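Fold and contact review
Given next are the chains, with one letter for each unit.
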Amino acid sequence: MMQAVFRKLILRKRPVDDVGRRNFQVVNADLQQPKPGQVVVEVKYLSMDVAMRGWMLAGHSYVPSIRVGDVPRACGVGIVVNSRAKHLEVGDTVIGQLGVQEIVTLPGKDLVRVDVRKITPVTWAGYLGLTSAITGYLGLLEVGKPRKGETVFVSGASGSVGSVVGQVAKLKGARVVGLAGGRANCRRLINEFGFDDCIDYRASDLGKQLRKKCSERIDLYFDNAGGDVLDTTLDWMAPHGRVVLCGSMATRNVTEQKGLMNVRSVLIDRLSVQGFVLFDHECRYAEAVKDLTRWHSSGRLRLWSSEDLREGGLVGFSRTLADLLAGSHDGKMVLQL
Ligand SMILES: NC(=O)c1ccc[n+]([C@@H]2O[C@H](COP(=O)([O-])OP(=O)(O)OC[C@H]3O[C@@H](n4cnc5c(N)ncnc54)[C@H](OP(=O)(O)O)[C@@H]3O)[C@@H](O)[C@H]2O)c1
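This structure is a prediction, so every number in the text was calculated from the model and none was measured.

What counts as what
Residues numbered from 1 in each chain as written. Predicted model: local features only at pLDDT ≥ 70, side-chain atom pairs only at ≥ 80, totals over all residues. Heavy atoms only, no water. Domains from an automatic or database assignment. Contact = heavy atoms within 4.5 Å. Buried area = accessible area lost by both parts, 1.4 Å probe. Polar contact = N/O pair within 3.5 Å; in protein donor to acceptor, adjacent residues only side chain to side chain. Core = buried A, V, L, I, M, F, W, Y, C linked by side-chain atoms within 4.5 Å. Buried < 20%, exposed > 50% of the residue type's maximum accessible area, 1.4 Å probe, protein only. Helix = DSSP H or I, 4+ residues; strand = E, 2+ residues; numbered from the N terminus. Pairing = 2+ DSSP bridges. Axes fitted to C-alpha atoms, helices over the stretch in contact; angles between N-to-C directions. Parallel < 35°, antiparallel > 145°, perpendicular 65-115°, else oblique. Left-handed = near helix turned anticlockwise from the far one by under 90°. Nonpolar A, V, L, I, M, F, W, Y, C, P; charged D, E, K, R; others polar.

1. Brief notes about the domain arrangement of the protein chain
- You can read the domains of the protein chain as domain 1 (5–127 + 305–336) and domain 2 (131–278).
- A straight line from the C-alpha centre of domain 1 to that of domain 2 covers 29 Å.
- Facing 8 residues of domain 1, the contacting portion of domain 2 comprises 6 residues.
- Carbon and sulfur atoms make up 65% of the area that domain 1 and domain 2 hide from each other, which totals about 600 Å².
- Here domain 1 and domain 2 share 4 residue pairs in polar contact (both at pLDDT 80 or more) between them.

In structure tokens, the structure reads:
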């Protein structure tokens, strides 16, 4: 018998600087019975993402801001406990935007069933999840559209998004060069992840290295870095090259963004620069899950490490998010509810 009341987290106060317990409150809520097409999902694991803090701020962004009193947005994994959707059954494991709550009632069309026979639910919330592998897959294939023989450059290549972008670009026949921090990460990307080459952003002059390692210029740049990395890379794009803007790791701790400086390269090389937001591509999630499952199960897609799994449930959410924002984590962070 399913519980009639469940617990959820609500935003009590928008974050100003850091995030802490004062920003949230755990409250009880009544379970909504599913209407036709809806399912009830017990939330098991949540992907912890730096973007979560931004989603709670006021102002214009790529998704509606979480209002005070609302459940914070979170992607994750859950089990269907009641279904009035034709394609989902009780017991199915699903991924979607579930929110920081124990139970959620959602349209079945917003959820994708995942296979947990060989891939754990933690990994479906973590490295293979929506904001990791699925972001990389969709950003690359829906926006970047790599072609056989092209040179693809990807920053944040050792990250949960970039490591997948590079491997999928290789599967599509491109030559792939990554940007990562440290010799060990670069070596690993080449030896274990099949990248053709890699540049260490901590050690080298990026402009010089790009000219050496992408001697015929870059056809497609998948940008997880922003800032100076983006400006320098724009200088070495091939004519009519494409740039996918996905993340901004190089400027995440900068309070005053200085903006894109190298606009001249966009003009002289007639570049296409397009922002990518995962949530615009919901209708392709199932296709991404299918391909990623197949590639991972057949050993063609590797994951960077195992997840940094945190316990603590709803009450532990603020501490876990604070740890993530402070950089104290080891691998993709997942919260167990
Ligand atoms: N647009 C969307 O819809 C969407 C969805 C999900 C994620 N994202 C964004 O995508 C980006 C990547 O996410 P992720 O989950 O892959 O992050 P991640 O796993 O934390 O990895 C990011 C990588 O960035 C690298 N990095 C750190 N500082 C850097 C710098 N100053 N210059 C260049 N590289 C630097 C790090 O490389 P080393 O460890 O090798 O130093 C790290 O491995 C983030 O900005 C995230 O917010 C966007």
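The discussion continues.
2. Things to note about the nonpolar core
- If you look at the biggest cluster of nonpolar residues, it comprises 83 residues, and the most contacted ones within it are I95, I134, L292 and F317.
- It is helix 3 (residues 130–144) that provides the largest number of residues to this core, a total of 8 residues.
- Shared between two domains, this core takes at least three residues from each, and those domains are domain 1 (5–127 + 305–336) and domain 2 (131–278).
- With residues up to four places along the chain from it excluded, the contact list for F317 reads L9, F24, M48, M52, V100 and L335.
- Within the second largest apolar cluster, 17 residues are counted, among which are F153, V177, L206 and L210.

3. With respect to the sheet that holds strand 8 (residues 151–155)
- What the 6 strands build is an open sheet, ordered 10-9-8-11-12-13; its pairing is parallel. The open sheet has two edge strands, strand 10 (197–200) and strand 13 (272–275), and neither has a second partner. Within this sheet the neighbouring strands show an average axis-to-axis angle of 15°, counted without direction.
- In the sheet, strand 8 pairs with strand 9 (residues 175–180) via 5 bridges, with the strands oriented parallel. Bridge pairing links V152 to V176 in strand 9.
- Of the strands in this sheet, strand 8, strand 9, strand 10 and strand 11 (218–223) touch helix 6 (residues 206–213), which is tilted by about 170° from strand 10.

4. Points about unusual backbone geometry
- With phi around 70°, R217 is a residue other than glycine that occupies positive phi space.
- When its relative accessible area of 25% is taken as the criterion, R217 is described as partly exposed.
- The backbone phi angle of H240 is positive, close to 65°, even though this residue is not glycine.
- Within the secondary structure, H240 is located in strand 12 (residues 237–245).
- By relative accessible area, which is 51% here, H240 ends up exposed.

5. Thoughts on the environment of F193
- Structurally, the position occupied by F193 is in the loop between helix 5 (183–191) and strand 10.
- With 107 residues separating them in the primary sequence, F193 and R300 have C-alpha atoms 9.1 Å apart.
- Setting aside residues up to four positions removed in sequence, F193 forms contacts with S163, Q167, R188, R302, L303 and W304.

6. With respect to the packing of helix 3 against helix 4 (residues 162–171)
- Relative orientation of the contacting elements helix 3 and helix 4 amounts to 45°, with a least axis distance of 8 Å. Comparing their axes, helix 4 and helix 3 come out oblique. By crossing handedness, the relation of helix 3 to helix 4 is classed as right-handed. Residues A133, G136, Y137, L140 and L141 of helix 3 form the contact with helix 4, whose participating residues are V164, V165, V168 and A169.
- Of the residues contributing to the contact of helix 3 with helix 4, the split by class is 8 nonpolar, 1 polar and no charged.

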